[in-house]
Each structure stands twice: as C-alpha cells, then as structure tokens.
Amino acid sequence: MTAQPRIERHSSTCPHDCPSVCALDVEVIDGGTIGRVRGSARHSYTAGVVCAKVARYAERIHHPDRLTKPLIRTGPKGSGLFAPISWDEALDRTAEAFRSAAAAHGPEAVWPYYYAGTMGLVMRDGINRLRHAMGYSGQHSTICTTLAWSGFVAGTGRLAGTDPREMAESDCVVIWGTNPVHTQVNLMTHALAARKARGARIVAVDIYDNPTMKQADLALLVRPGTDGALACAVMHVLFRDGHADRDYLARYTDCPDALEAHLATRDPAWAAAITGLSVEEIETFARLVGTTKNTFFRLGYGFSRSRNGAVNMHAALCIPAVTGAWRHRGGGAFHSNSGIYGLDKRLIEGLDARRPGVRVLDQSQIGRVLMGDAEALRGGPPVTALLIQNTNPVSVAPEQELVKRGFAREDLFVCVHEQFMTETARMADVVLPATMFLEHDDLYTSGGHQHIQLGLKRVDPPGACRSNHDVLTGLAARLGAAHLGFAMSPRAIIDATLRESGRGTLAELEAAEVLDAQPPFAQAHYLDGFGYPDGRFRFSPDWGSVPIAHDGPRGPVATLPPLPDHWEAPLAAATPEHPFRLATSPARNFLNSSFTETPTSLAKERYPTVMIHPDDAAAHGIGEGEWVRLVNQRGAVTLRATLFPGLRRGVLIAESIWPNDAYPDGRGINTLTGADAPAPFGGAAFHDNHVAIERLRH
Ligand SMILES: Nc1nc2c(c(=O)[nH]1)N[C@H]1C(S)=C(S)[C@@H](COP(=O)(O)OP(=O)(O)OC[C@H]3O[C@@H](n4cnc5c(=O)[nH]c(N)nc54)[C@H](O)[C@@H]3O)O[C@H]1N2
Ligand SMILES: Nc1nc2c(c(=O)[nH]1)N[C@H]1C(S)=C(S)[C@@H](COP(=O)(O)OP(=O)(O)OC[C@H]3O[C@@H](n4cnc5c(=O)[nH]c(N)nc54)[C@H](O)[C@@H]3O)O[C@H]1N2
Ligand code: SF4
Ligand SMILES: [Mo]
C-alpha cells in the first residue's frame, strides 16, 4: 500500500520578468516536489489567475537538464565541453580572473552583467553591490524599459498612474501596444470584468491581429511605429468636436493652446495615410474616448520598442490629458507602477559604496562592447571579464553576430550563473548552478500592480545549486569587497530594507502576505499635481531633462519633436532593398528566452516562424510552411513562413526569442535587430527593423 502524499500549500510570488508579478499558491508534495501552481485568489490583482507557463512550473523546477554542479570549460569556447569542479575552485578561479583583469586594465575591465530573469530585488540587484564595492564597470539597463519609461515620465514627471484595479470601474479600456493575452494575462482579467459588469468597451492597438486584438470591440491595426500619428489625429478630433476638457487643460497642463494649434493639420486623413487605418476607424476611436470620460489607457511596452518609441508613448499618454480622463474613477493612464515603492536600495545594491566617475556601459550594446567598439567602451579599457546573472545575452541581445563573436574572444573570461545550460552559459569559462525562486528568499515589487510581496524558500535546491546572493558573497570574500550586505542573509537584507523604507518588517509582511502600496486616488490620478515642479503635465517636454533615474548618456535630444507627433526620421524605414518591416513580438509560451527549455512550451510553439500577409507571400512565391530567409545589413535568418491575413502588407512578425540553435544555421532573430541607442536615453528597438524576405528552394 502506498502512503498518501503529503501536500502543503504555500504562498509565493512569480519571479519572472512580467508586469503581472502574480501572487501564487504553490503545492509542495512530500516536502520537496512542486505540484500545482495557482494564482492566489486572495490577491486583488492576481485574482486567482496565472499564465499557463507558470501553472506548469513543475516542468521547469524539476527539469532533468537543470544545472546542479559548478563546471569549468575543458574544450574550446562554445564547445559545450565542461567538467565538474567544486564551488571553492569555481569561485577561486573566477575571483582570480577578475583580479588579473583589474590588474592589467583597471577594475573597469570587469563588467558584471545582469537583468531580470528573477525580479526578486535581492537576487536581481545584489550584483550591483559587488560592482560598486569593486569599482567595476556600470550597466545602463536599456534592453527593456528605457524607451517606454522615458516617454511616460516625459508627460507625467513620475512613473505611476491610475490603479490598474480601477479598470473594473472603467467604461472603456484601451490596450495600447501590449499583448496581455501573451505577456500579462491578469490585465485581461480586469478588462474583461469591466466588460462583463458594465459593458465596458475594449480597444486594442497593435500591428497584428494577435489574441488580445481578437478580444477587442475595436481593434486598430496600425503600421509599426506610427502610434504617434494615431494619437495626434485622435486629439485633433477631440479639440475639433468639443471633447477636450478645457478647464482641466488650463489647470493641469503646460501648453494646451500650442498643442491645439499644432494639431490643426494632423487630422484623421493625415493619420490614415501614415497608420494605414481608415478615417472612419480613427473617428470612431476618438469619439469613443471623447464621450467616455472614464477611459482607461493601458499603455504597454511593445509600441515603445521602435526608434521613435519614447515619442509614441508620450503621444498616446497625451490623450487622457486632453479629455481630462484623469479626473474620473476608472479613467487616466497606466504603464508601470515602478515609481511608487520608494524602497531604500542602499543595502541591496551597495549604492553607498558607489565610486564617482566609473564608466557605465549600455547593456544592449554588449556586442559592440565585447568587440572593442571605442564609443561603446566610452573611451575606456576593454572588457576582459564578465560575471553574468539572470540574463541570456547570447540569445536576447540585439546585434547577435557581434555578441557571438565577442563571447568567442579568447582573451575574455566569462562566468555565468544560471539555472540551465543556456547559449550564454555554453560560452562561459565557469558555469555556476543557480537556485530557482522556491529555493531562496526574496522580496518583490510589481510594475503592473501595486504590491510588495515575498517569495520565500519552500524547498531545497537540487544538487549544489546556490543563490545569486551566495555567489556574490563568496566572490566578495575572495575579492575583498567590503559591504555590510555581504555579511547578511537575504532575510536580514529584506527586513532591513523594509524597515529603512518605512514599509514595516519582514515578519509583518510574512504575516500579511502582501503590502498594498497603492498611492491615494488624488495622487495616482495626479489631481494633486503632476511630477514636475509646477505640477503640470507636459505636452512639450524638455526631453533632455526628463526626470527618470538612469546612468546612461543622453541621446540626440535636439532632434526630438517638441510636441506629440509622428516622428518618422529615426525608423528603420522600408527601402527597395529591404522592403519589409519586421517586429519580434512575444510568443505566448516563452518568456523572453525562459521556458524555451520546457517540453510543453516547446511543443506548443513548435519551431521558429515568421508571419507574412498572404498577398505578400503570393507576390514572393512563398507558400505556407516554406523556408524563407530574412535579410538585412546585419545578417540573415532562416525560418519558416506562415501565412497570416491579420497583418498589414509589408509587415512581418516573428514571435518569440527562440535560441539561435533552434534555427537551421544557428542564427536567431536577434541577428537582425539593432543596438543603436534611440533618443532620448537609449533603449532597444526590437520591433523596428527592415528586412528583405527570400524564398529558399530545397
Ligand atoms: N509570454 C510572454 N510573456 C512575456 C514576455 C514574453 O516574451 N513572453 N516578456 C516579458 C517582458 S520582459 C516584458 S518587458 C513584457 C512586455 O510585454 P508587452 O508590453 O506586451 O510588450 P511587447 O511584448 O514588446 O509587445 C507587445 C505588443 O506590441 C506590439 N507592437 C510592436 N510594435 C508596435 C507598434 O509600433 N505599435 C503598436 N501599437 N504595437 C506594436 C507587438 O506586436 C506585441 O503584440 O512581457 C513580459 N511577458
Ligand atoms: N527579438 C527580441 N529580443 C528581445 C525582446 C523582444 O521582444 N524581441 N525582448 C527584450 C526584453 S523586453 C527583455 S526584458 C530581454 C530579456 O531577456 P533575458 O534577460 O535573457 O530574460 P529571461 O528569459 O527573463 O531570463 C534570463 C535568464 O535568467 C535566468 N535566471 C532566472 N532566475 C535566476 C536566478 O535566480 N539566478 C540566476 N543566476 N539566473 C536566473 C533564467 O534561467 C534565464 O536563462 O530580452 C529582450 N530581447
Ligand atoms: S502572468 Fe506573468 S507574473 Fe503571472 S505567473 Fe505568468 S509569468 Fe508570472
Ligand atoms: Mo522586458
């Protein structure tokens, strides 16, 4: 007779790089095996829902291919030949490599490189403590949020907005440039609840008829990078038809008269020619948001991933300032709440140890940095040693040809701390096995809602896996990096961080499960003033001094349009040689490059494809499922075509970031994407590419 398994249920937090930051209920079977993972029904934003990827997390945490031992390279770089070594030896070798890099070129030759594979603050950002304590090169984190945040804060002066739960009280939800059915499923829960309860209309704005667009009452299919034109024409109609809230404009905005005059020529016919929408569609959208005062604008990341992305984000954000939607419950705009928490990060990031004048390198330009591009190196020494946590640049970073050549450099030492043998780990000299979120303690904030949450250790890790914190502590001891944070446990760091931030204690948070940090209504709706000294929304931002915290250099701000507009100039426009515009939108079953290792996600996504309009396919003699090559000045990618009518002609969509080696010649989609830094502060224009498409004959 077999004993009944013992099932415990624990609360946790999804650690992945997703605005939803779901509160989880996790089954632990017999103290060590993860069972079902559900969305917490007690959490006001998660509301009992998680995405399918995380519901089947047992596949990822108990994956047979997880790294469980430190490894050292035994064959040529990238050969995949490694031998197990002890932790002491692995950390000694890594510390020794960092010491010799610093001895030869100064500490800036070492570049700790990280991103948000875990969103836990201790495990994600602790690497900065080592960086600052040692004077290693800085990282300007541009790969995801820079364009979007710059555009939003340009208008509001602060990265915050309407409580996303207020969507339930809205009569019109505009889902603009995000595909939440794939990327943050909980947004749909709240939007659909508004529709069900009060007949709210759902509008979606995207460049292909994705599953979010299919759920919309009004689906606006724009050409890539033209959202600024749509926003301008909508505002033109609002002024023209008396839907501008002139009292609000006078009290809360900087230059409504200049805006109105500027928009006089930007009418629906003008925007129709640019966006590909009909005049009727633009008029319908404008009438809807003009007559529905409590319209909720949910502005996503996707439409900011173009070289004019900050301008487009700002332009869309100007609409609720014209209608005065911010005055109403359920109205206004929301992009990210990352600005509301005000946590004191000194202990986690070692900000007090930071040395002035240390160079800061652009994360997205890792290919250029490693290939010795003098501008990317900011005139400083070469990078000869990397420590990588929570990111997989040999897959996700633009300009992959440079990235791969850079990682292959014989004089470069690379230590990768990972959960799986990713493409980046394969290029390493030392590979260290990492814990997963249920195997370590961490603290989380959320971009997509307003809670501070915990994710505590619930099971032991497999094999010899160690947490990011433990690796950093081990390296700090060997390198002589002094900081209080290296002498503390993650729990002690969490407790101290909460206390020093006026957010209670670890024990209190553990008892309460979550802390709701939502600012009061008047503040969230900016009714007590926008985040600029005069309290006014900026239709005409001073782009050079937008108040977002970042370490990078400023882009060519002089060229940015002074008022919301269609800014064509920086786009990778279609040309006779490269007649198609390519976007690399997210796949449903992968999360960036994570979950490309789990069997169910792989089975559902099948293989890399590019969507093409059937008429374009016919014009190029391309049939369903046939092999094609996408080509631009950076390289060529071979994948299969799939015919999709829900696209504008001349537009291609390649969903996902498959590993390079999922493509027949080992070149993945980021072979084609660029790392040039868009205005005003850099970023990565993943959806702004021009390419040619060629049919391959076999
Ligand atoms: N399943 C899944 N979930 C994810 C991710 C994933 O890869 N897969 N990634 C996670 C991460 S790191 C992030 S930052 C978030 C991002 O999530 P989102 O905010 O949703 O942003 P994107 O995924 O970049 O793109 C969203 C949509 O923008 C569209 N788009 C592209 N260009 C334009 C344009 O010019 N105009 C308009 N209107 N739309 C455009 C794309 O076609 C896509 O449908 O998602 C997170 N969640
Ligand atoms: N073509 C194209 N490229 C893109 C995008 C796109 O839309 N199109 N999106 C971009 C965006 S928005 C982003 S954010 C980036 C993200 O790209 P990545 O930073 O690569 O994103 P993730 O897949 O979230 O996580 C990376 C790795 O972190 C590891 N990891 C997770 N938790 C831990 C941990 O606790 N410790 C350690 N040591 N490792 C851990 C995971 O195993 C995973 O391999 O990709 C960008 N690249
Ligand atoms: S929706 Fe996002 S936060 Fe929620 S479980 Fe899925 S990946 Fe995690
Ligand atoms: Mo991202």
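## Points about the overall build of the chain
Thinking step 1. For the chain, the helix and strand inventory stands at 26 helices and 25 strands.
Thinking step 2. For the chain, whose C-alpha radius of gyration is 25 Å, the value lies close to the compact-globule estimate of 26 Å for 698 residues.
Thinking step 3. By the burial criterion, 64% of the 698 residues in the chain qualify as buried.
Thinking step 4. Accessible surface, the chain as shown: approximately 23,600 Å² in total, 52% of it carbon and sulfur.
Thinking step 5. Within the chain, the 74 negative side-chain charges are centred at a point lying 2 Å from the centre of the 69 positive side-chain charges.

## Quick word on the sheet that holds strand β2 (residues 23-29)
Thinking step 1. The strand order across the open sheet built from three strands is β1-β2-β3, with neighbouring strands paired in antiparallel fashion. On the outer flanks of this sheet lie β1 (7-13) and β3 (33-39), each paired with one strand and no other. Adjacent strand axes in the sheet meet at a mean angle of 30° when their direction is disregarded.
Thinking step 2. Relative to β3, β2 runs antiparallel, the two being bridged by five bridges. Bridging from a neighbouring strand, Asp25 pairs with Arg38 of β3.

## Some details on the site of ligand 3
Thinking step 1. For ligand 3, the full set of nearby residues is Cys14, Cys18, Ser20, Val21, Cys22, Val50, Cys51, Val54, Val185, Asn186 and Leu591.
Thinking step 2. In the shell around ligand 3, the residues fall into nine nonpolar, two polar and no charged.

## A word on the site of ligand 1
Thinking step 1. The full set close to ligand 1 counts 30 residues, and Thr178, Asp206, Gly225, Asp227 and Phe590 are the nearest of them.
Thinking step 2. Within the side chain of Asp206, an N or O atom sits 2.8 Å from an oxygen atom of ligand 1.
Thinking step 3. Between His687 and ligand 1, the recorded distance is 3.0 Å, taken from a side-chain N or O atom to an oxygen atom.
Thinking step 4. Considering ligand 1 on its own, with 910 Å² of exposed area, one finds that the protein chains cover 97% of that surface.
Thinking step 5. Only α7 (180-183) and β9 (201-206) provide two or more residues apiece to the shell around ligand 1.
Thinking step 6. Here the shell around ligand 1 spans two domains, and each of domain 2 (147-335 + 522-537) and domain 3 (580-695) adds at least three residues to it.

## Here's the deal with the pattern of salt bridges
Thinking step 1. Enumeration according to the criterion identifies 44 salt bridges in this entry.
Thinking step 2. Across the pair Arg9 and Glu27 runs a salt bridge, and its minimum N-O distance is 3.4 Å. Taken together, the positions of Arg9 in strand β1 and Glu27 in strand β2 put the pair 18 residues apart, joining distant regions of the chain.
Thinking step 3. The salt bridge partner of Glu597 is Arg60, with a shortest N-O separation of 2.8 Å. In this pair, Glu597 is assigned in the loop between β20 (580-583) and α25 (599-605) and Arg60 in helix α2 (residues 58-61), connecting sequence segments 537 residues apart. Arg60 carries the same exposure label as Glu597, and that label is buried.
Thinking step 4. Among the charged side chains, a network of salt bridges with common partners joins Arg124, Asp125, Lys345 and Glu349.

## Points about the packing of aromatic side chains
Thinking step 1. On inspection of all chains with the given rule, the structure shows 15 aromatic pairs.
Thinking step 2. A ring pair is formed by Tyr57 and Phe595, whose centres lie 6.0 Å apart and whose planes are at 80°; its orientation type is edge-to-face. With a gap of 538 residues between them, Tyr57 in the loop between α1 (52-55) and α2 and Phe595 in the loop between β20 and α25 connect regions that are remote in the sequence. Here Tyr57 and Phe595 have matching classes, each one buried.
Thinking step 3. On the numbers, 6.3 Å between centres and 65° between planes, the contact of Tyr208 with Phe644 is edge-to-face. Of the two residues, Tyr208 is situated in the loop between β9 and α9 (211-215) and Phe644 in the loop between β23 (635-643) and β24 (651-653); the sequence distance between them amounts to 436 residues.
Thinking step 4. In this structure Tyr208 comes out as buried when scored by relative accessible area, which is 2%.
Thinking step 5. One aromatic cluster in this structure is built from Trp326, Tyr526, Phe530, Phe537 and Phe539.
Thinking step 6. A cation sits over an aromatic face here: Arg266 above Trp270, 5.7 Å from the ring centre.

## Concerning the domain arrangement of the chain
Thinking step 1. For the chain, the domain assignment lists domain 1 (71-141 + 344-436 + 463-512), domain 2 (147-335 + 522-537) and domain 3 (580-695).
Thinking step 2. Of the residues lining the interface, 22 residues belong to domain 2; the matching set on domain 3 comes to 28 residues.
Thinking step 3. Together domain 2 and domain 3 conceal approximately 2,000 Å² of surface at their shared face, both sides included; 56% is due to carbon and sulfur atoms.
Thinking step 4. In this assembly, domain 2 and domain 3 are joined by two salt bridges.

## Description of the pairing of strand β16 (residues 430-433)
Thinking step 1. Neither face of β16 is left uncovered, since the one carrying Val430 and Leu432 and the one carrying Val431 and Pro433 both have all their residues buried.
Thinking step 2. Where strand β15 (residues 413-418) and β16 come together, four bridges link them in parallel fashion. Across the sheet, the residue bridging to Cys415 is Val430, located in β16.

Each value, and the rule that gives it
- Residues numbered from 1 in each chain as written.
- Chains lettered and ligands numbered in written order.
- Predicted model: local features only at pLDDT ≥ 70, side-chain atom pairs only at ≥ 80, totals over all residues.
- Heavy atoms only, no water.
- Helix = DSSP H or I, 4+ residues; strand = E, 2+ residues; numbered from the N terminus.
- Rg over C-alpha atoms; globule rule 2.2 N^0.38 Å.
- Buried < 20%, exposed > 50% of the residue type's maximum accessible area, 1.4 Å probe, protein only.
- Areas by Shrake-Rupley, 256 points an atom, 1.4 Å probe, with all protein chains shown as cover.
- Lys, Arg positive; Asp, Glu negative; His and termini not counted.
- Charge placed at Lys NZ, Arg CZ, Asp CG, Glu CD.
- Pairing = 2+ DSSP bridges.
- Axes fitted to C-alpha atoms, helices over the stretch in contact; angles between N-to-C directions.
- Near = heavy atom within 4 Å.
- Nonpolar A, V, L, I, M, F, W, Y, C, P; charged D, E, K, R; others polar.
- Polar contact = N/O pair within 3.5 Å; in protein donor to acceptor, adjacent residues only side chain to side chain.
- Domains from an automatic or database assignment.
- Salt bridge = Lys/Arg side-chain N within 4 Å of Asp/Glu carboxyl O.
- Phe/Tyr/Trp six-rings, centres within 6.5 Å; stacked < 30°, edge-to-face > 60°.
- Lys NZ or Arg CZ within 6 Å of the ring centre and 35° of its normal.
- Contact = heavy atoms within 4.5 Å.
- Buried area = accessible area lost by both parts, 1.4 Å probe.

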